[in-house]
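# A look at the structure
The primary structure of each chain is shown beneath.
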Amino acid sequence: MQLTTSLRSALVAGAAATALFTGAAGAVAAPAAPSAAAGTPATAHSPYGQLRPLAVLSAERLATADLVAAAKWGTGGPVDDPAREREVLRAVAEQARQLGADPEVTVRFFRDQIEANKIVQRGLHRAWDADPGRAPTERPDLGQVRKEINRINHELVRAVADSPQARSAPYCAPLLTVAAARVRHERHLDALHTGALARSLRSVCG
């Protein structure tokens with residue numbers, strides 16, 4: 001089930017103002033917050049408490065797209081990496097099985113995560129092509145970045161496994177709307193990352 005219009009509107013609301021001041025295509029995501037922010041013991045078992053980690057961790061994963069884009073910038077390498085994508089999808093499917101979660105649901109969710117990451121990478125590369133002065137001057141170690149992505153992936157699979165009731169409930173979309181909008185606000189996401197966050201959460205509810 002795709003995100004409702006209300007969720008997209010909530011995510012985009014306020015991003016336009018940010019874009020006016022920062023330049024949507026060239027700005028970067030806010031620094032990743034500690035994963036503990038995904039939920040608190042008091043709310044972890046509530047429907048909102050089950051959905052918020054998916055939004056928080058998806059935004060955290062999106063922040064790594066800036067580093068991946070910088071690592072690939074100027075190398076001539078493509079944004080798409082089918083071998084890496086297959087590796088990720090195999091790993092999350094296996095972890096889902098170990099946790100008793102639905103592997104197909106988990107893989108579908110992670111396909112959205114991968115596509116969202118590529119939206120950010122392509123957007124940044126276009127911005128840097130248009131204005132080389134804004135391009136990164138240092139190239140991150142892609143191997144180290146992928147270790148961080150793997151860590152977030154592990155937490156995301158667990159968040160999917162911990163939220164079947166909330167994800168299948170009729171109130172999933174409204175609650176996800178609130179969670180995603182709050183994450184956008186907390187991280188001061190620009191238009192590029194806001195749109196990518198919406199893409200990353202597209203198949204959460206349903």
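Sequence positions are assigned chain by chain, starting from 1 and proceeding in written order. Since the coordinates come from a predicted model, pLDDT governs what is reported: local features require at least 70, and pairs of side-chain atoms require 80 or more to be given and counted, while whole-chain, interface and lining totals use all residues. Just so you know, side-chain values use all the structure's heavy atoms and leave hydrogens and water out.

### Concerning the overall build of the protein
Looking only at helices and strands, one finds nine helices and zero strands in the protein. Here a strand is any run of E in DSSP of at least two residues, a helix any run of H or I of at least four, and the numbering for each starts at the N terminus. Along the protein, helices (α) and strands (β) appear in the sequence α-α-α-α-α-α-α-α-α when read from the amino end. Relative accessibility under 20% of the residue-type maximum defines a buried residue, over 50% an exposed one, and the middle range a partly exposed one, all with a 1.4 Å probe and only protein chains included. For the protein, buried positions account for 48% of its 206 residues. A separation threshold of at least 6 residues defines the contact pool for the protein, and within that pool the share at least 24 residues apart is 88%. Note that accessible areas follow from Shrake-Rupley with a 1.4 Å probe, and for residues the cover is restricted to the protein chains shown. Entry remark: accessible area of the protein is about 9800 Å², with carbon and sulfur atoms responsible for 58%. Throughout, a residue-residue contact means that at least one pair of heavy atoms, one from each residue, lies within 4.5 Å.

### Some words on unusual backbone geometry
With phi around 55°, His188 is a residue other than glycine that occupies positive phi space. On the secondary structure map, His188 appears in the loop between α8 (172–187) and α9 (191–200).

### Some details on the state of the cysteines
The term disulfide is used for any two cysteine sulfur atoms that are within 2.5 Å. Following the criterion strictly, the structure yields one disulfide and no others. Here Cys172 connects covalently by a disulfide to Cys205, the sulfurs 2.0 Å from one another. Because the torsion about its S-S bond is -75°, the bridge between Cys172 and Cys205 counts as left-handed. With Cys172 in helix α8 and Cys205 in the segment after α9, this pair connects stretches of sequence that are 33 residues apart. There is no split in this pair, since Cys172 and Cys205 are both buried.

### Quick look at the pattern of salt bridges
We define a salt bridge as a side-chain nitrogen of Lys or Arg found within 4 Å of a carboxyl oxygen belonging to Asp or Glu. Considering all chains together, one arrives at 13 salt bridges under this definition. A salt bridge links Arg84 to Glu87; its shortest N-O distance comes to 3.6 Å. One end of the pair, Arg84, and the other, Glu87, are both in helix α4 (residues 82–99), three residues apart, so they sit about a helical turn from each other. A relative accessible area of 12% places Arg84 in the buried class. Members of the salt-bridge network, linked through shared partners, are Asp80, Glu85, Glu115, Lys118 and Arg122.

### Comments concerning the packing of helix α5 (residues 103–130) against α9
In a packed pair of helices, the relevant descriptors are the angle between the two axes and the axis-to-axis distance. Comment: axis = line fitted to C-alpha atoms, over the contacting stretch for helices; angle = value between 0 and 180 degrees taken between N-to-C directions. Taken N-terminus to C-terminus, the directions of α5 and α9 make an angle of 165°; their axes are 8 Å apart at the nearest point. By the angle between their directions, the pair α5 and α9 is classed as roughly antiparallel. You can see that α5 and α9 cross each other, and the crossing is right-handed. Facing α5, whose interface residues are Phe109, Asp112, Gln113, Glu115, Ala116, Ile119, Val120, Gly123 and Leu124, α9 presents Leu192, His193, Ala196, Arg199 and Ser200. Roughly parallel covers angles under 35 degrees, roughly antiparallel covers those over 145, roughly perpendicular covers 65 to 115, and oblique covers all other angles. By definition, turning the near helix anticlockwise from the far helix through less than a right angle yields a left-handed crossing, and turning it clockwise yields a right-handed one.

### Notes on the environment of Thr106
As for its position among the elements, Thr106 is in helix α5. Owing to a relative accessible area of 0%, Thr106 belongs among the buried residues under this scheme. Between the alpha carbons of Thr106 and Ala96 there is a distance of 6.8 Å; along the sequence they are ten residues apart. If sequence neighbours within four positions are ignored, Thr106 has contacts with Val92, Ala96, Ala101, Val157 and Val160.

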